[in-house]
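Here is how the chains run, residue by residue.
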Amino acid sequence: MDRPGRDHMVNTNSSPEMTSVPQNDSEKKQPITACLVCAAFFGALGSSYLYGYNLSVVNAPSLHIKAFYNKTWMERYGQPIGTETVTLMWSITVSIFAIGGLLGALAASFIIKVLGRKGTLLLNNCFAVIAALLLALGEKAGSFEMLIIGRLIMGVDSGVALSALPMYLGEISPRHIRGSIGQFNSILICLGVFTGQVLGLPELLGQESRWNFLFAFLALPALLQLCVLPFLPESPRYLLMERKDEAGAERAFQRFLGKKDVSKELEEVHAEGRAQNNLQTVSVTQLFKNRAVRWQLITVIITMACYQLCGLNAIWYYTNGILRDAGFAEKIIPYVTLSTGGVETLAAIVSGLVIERIGRRPLLIFGFSAMAVFFGLLTLFLNFQDRVSWMPYLSYMCILAVIASFCSGPGGIPFVLTGELFEQSYRPAAFMIAGIVNWLSNFAVGLLFPFIQAALETYAFLVFVVVCVLGSVYLYAILPETKNKTFMEISQSFAKINKIPVPSPVHELELVLSVVPGKELANGKVIEMESSF
């Protein structure tokens, strides 16, 4: 496999002229522009930020919402709601968010095809505003159904966002910072979780008379994105390859890269477009049948499943109960929970800063391995918390360590990998499969963990130890490093395990540029394929 800085010189005819097609970017890396940062931040603000906020916002008002359910039930039926019924309704309220996410993931590819990446993100804000109204006004209307429907619609918003946003970030990012820009997704998820915890404090909106404002807040990030994102460019790859808008793509590249001459970037995308004419976008069924991407697909499925099944969502959904069982006083639990969100956000920022130095593979393996260790220690400490007065504090430290380990890699890299492991023709189907796995796993954790906790008690987290260990072993054995590599190079990394021949440099040139031996290129001129993307 060729390393950065090496160029292929391929003779395409009998003349001595050569066509230079560098496989990697040997130019100086372009500085990060304000336009690129703004697009990443505001794109994530109305998308992954809301997803993270919804993971934690249901914690603080849980008792008030259950009391509202009981009050509404009394007014309707004249008798108190049963304990099992209220538990079931609360579980549905929590877990239906994942069902909405699954529906959103299934619909996302169609919406993206019609409206583009940026257009999908903008339309998606309508779901957030509708959900905010339903959730905020449910108490006034005396309807717990409005809360459940609002959570479902908010799940649809998150399902669409977690498919469209990683595509948008991956397609607007230069190769040398693709991972860092992609981590805006993870950082804003963590910041959303932290915001939900802060606003849920009793001194702010965590009171019985104010909990509906926690859900009204959902509309604010959506409206901010609606105000800013329209003035930022669409994905230049989408504009050129799907809209055939070369002028628009050129302007988008110029703004994202901060330079006027983007001819090399345009030519690279043109080459991808010509390849797409030969390799049509595949369906989900075709993706499963294609041996050339079999292990890429298996890797995405396993990584995305581990992302949800590693146990972090169980901590977010039931943080207060876990801390209460660990021995913390009721009055300080909201503040302890707040510190976990702060640690998560800090760890995600650090991961975004180091991902291009360390790489995706080491961060993923370290993150899952460290989680397994700290989940094991948490299980041990929970078993001894009644015997030693200071043991709950060790349990708390383990919770913080689990969160930091997750955000160091597993919290954001699976979304980056989904875009990197597949070439353009496979990517839409791959994102759909990743979304289905993500949300089904999310639903399973939210629905099943209370029963697992009731059955296994302090040993419940050993289930997550097994998941994290298996995930680490698989990634160590199978996943190649993808940082600063082209999509062709990443595909070649899987060629051996997929048992397919590695294409020669001449074949790569013919595939991408659609040339045949003996045909002169661009009237005999040298075509360069050096770009930041």
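Along every chain, residues carry numbers that run from 1 in the direction the sequence is written. It should be noted that, the model being predicted, local features are given only for residues of pLDDT at least 70 and side-chain atom pairs only at 80 or more, the latter also being counted only at that level, while totals for whole chains, interfaces and linings use all residues. Note that the side-chain values use all heavy atoms of the structure and ignore hydrogens as well as water.

Side note on helix α17 (residues 333-358)
With 26 residues, α17 extends 36 Å from end C-alpha to end C-alpha; this agrees with the ideal 38 Å at 1.5 Å per step. Helix geometry: α17 is bent most strongly at G352, by close to 35 degrees. Numbered from the N terminus, helices here are DSSP runs of H or I no shorter than four residues, and strands are runs of E no shorter than two. Looking one or two residues past α17, G359 carries a phi angle of roughly 105 degrees, positive in sign. Expected span of a helix: the number of residues minus one, times 1.5 Å. Bend, at a single residue, is the angle you get between axes fitted to the 7 residues ending at that residue and the 7 residues starting at it.

Here we look at a nonpolar patch on the surface
Together, F110, V114, L115 and L123 make up an exposed nonpolar region whose accessible area comes to about 370 Å². Relative to the assigned elements, L115 resides in helix α4 (residues 83-141). Surface patches are drawn from residues lacking salt bridges whose relative accessible area is over 30%; two like charges belong together within 9 Å, two nonpolar side chains (Val, Leu, Ile, Met, Phe, Trp, Tyr) within 5 Å. Each accessible area is a Shrake-Rupley result for a 1.4 Å probe, and residues are judged covered by the shown protein chains and nothing else. Think of a salt bridge as a Lys or Arg side-chain nitrogen and an Asp or Glu carboxyl oxygen that are within 4 Å of each other.

A few points about the confidence of the model for the protein chain
Confidence scores here are pLDDT values: one per residue, from the predictor, ranging 0 to 100. Looking at the protein chain as a whole, the pLDDT averages 81, with 84% of positions reaching at least 70. Taken element by element, the protein chain is modelled with least confidence in strand β1 (residues 7-10), mean pLDDT 40, and with most confidence in helix α9 (residues 219-228), mean pLDDT 95. Residues count as neighbours in contact if any of their non-hydrogen atoms are within 4.5 Å of one another. A low-confidence stretch, residues 511-529 stays under pLDDT 50, and its non-local contacts, those more than four residues away or across chains, total 46 contacts.

Brief notes about the side chain of S186
On the secondary structure map, S186 appears in helix α7 (residues 184-199). Of the residues examined, S186 reaches a relative accessible area of 1% and is grouped as buried. Note on exposure labels: buried denotes an accessible area under 20% of the residue type's maximum, exposed denotes more than 50%, and partly exposed covers the range between, all computed with a 1.4 Å probe on protein chains only.

Looking at the nonpolar core
Here, the term nonpolar core denotes a set of buried Ala, Val, Leu, Ile, Met, Phe, Trp, Tyr and Cys residues that are joined through side-chain atoms within 4.5 Å. Counting 142 residues, the largest nonpolar core has Y69, L287, F375 and F422 as the members making the most contacts within it. Considering every element that reaches this core, the biggest residue donor is α4, with 17 residues. Once you skip the residues sitting within four places of it in the chain, L287 turns out to touch V282, V293, L297, F422, Y426, A429, A430 and I433.

Quick notes on the pattern of salt bridges
According to the stated counting rule, one finds six salt bridges in the structure shown. R178 is the partner of E420 in a salt bridge, and the nearest nitrogen-oxygen pair spans 2.8 Å. Pair noted here: E420 is in helix α20 (residues 413-420) and R178 is in helix α6 (residues 178-182), with a separation of 242 residues, a long-range link. Taking relative accessible area as the criterion, E420 reaches 1% and is therefore assigned buried. Owing to a relative accessible area of 7%, R178 belongs among the buried residues under this scheme. Across the pair K259 and E265 runs a salt bridge whose closest N-O atoms are separated by 3.2 Å.

Re the packing of aromatic side chains
Each pair of aromatic rings taken from Phe, Tyr and Trp, with Trp reduced to its six-membered ring, is defined by centres within 6.5 Å and is described as stacked if the planes are under 30 degrees apart, edge-to-face if over 60, and tilted in the remaining cases. Enumeration according to the criterion identifies 16 aromatic pairs in this entry. Taking 6.0 Å as the distance between ring centres and 45 degrees as the angle between the ring planes, the aromatic pair formed by F68 and Y69 counts as tilted. Exposure remark for F68: the relative accessible area of 6% places this residue in the buried category. The class of Y69 is buried, set by a relative accessible area of 0%. Their ring planes at 50 degrees and their centres at 6.0 Å tell us that F68 and W211 sit as a pair that is tilted. Residue F68 is located in helix α3 (residues 62-77), and its partner W211 is located in helix α8 (residues 211-216); the two are separated by 143 residues in the primary sequence. Like F68, the residue W211 is buried in the burial classification. Three or more aromatic residues link up through ring pairs in this structure, and these residues are F68, Y69, F144, W211 and F215. Across the ring face of F144, the terminal group of R76 is positioned such that the distance to the ring centre comes to 4.5 Å. Charge-over-ring placement is defined geometrically: NZ (Lys) or CZ (Arg) within 6 Å of the ring centre, and within 35 degrees of the ring normal.

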